[in-house]
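# Structural overview
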Amino acid sequence: SIWINPAVFDLGIARPTLIHEAVHAAQVCAGGGKLRLLGLDILPPPLARPYFLQYSSPRRELESEAYAIQAQPDGLERVISLLQQYCHPTGALPVRN
């Protein structure tokens, strides 16, 4: 599970924050319970560099993937695809009504 600071909603950054943390969830699923790089073919925007360069490897690369997806216009669709690919062997997320 993840904990999101409620301030992100007031700051108007809930969507990118949730996408970022969902990428980390996919990384955990891909690693069988441990964070693992997904090997994405996109880079984070230059403005995000200070946020992940503060980490040392391998955390830096893990954060880079999360920032890359959250910055994409289709980031939500991409992270849903990653979660389906890595977190559910059937390739489908459970539907809740």
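Right, let's walk through the structure included here. Predicted model only: the values in this text are computed from it and were never measured.

## Considering the state of the cysteines
All told, the structure shown has one disulfide when counted by the stated rule. Linked covalently through their sulfurs, Cys 29 and Cys 87 form a disulfide whose S-S length is 2.1 Å. Sign of the S-S torsion, about 105 degrees for the bond between Cys 29 and Cys 87, identifies this disulfide as right-handed. Within this pair, whereas Cys 29 is found in helix H2 (residues 14-30), its partner Cys 87 is found in helix H5 (residues 75-87), the two being separated by 58 residues in sequence.

## Description of unusual backbone geometry
In the segment running from Ser 57 into Pro 58, the intervening peptide bond is cis, with an omega of 0 degrees. As for its placement among the helices and strands, Pro 58 is situated in the loop between helix H3 (49-53) and helix H4 (59-70).

Here is what the cut-offs are and how they apply
- Residues numbered from 1 in each chain as written.
- Predicted model: local features only at pLDDT ≥ 70, side-chain atom pairs only at ≥ 80, totals over all residues.
- Heavy atoms only, no water.
- Disulfide = S-S within 2.5 Å.
- Helix = DSSP H or I, 4+ residues; strand = E, 2+ residues; numbered from the N terminus.

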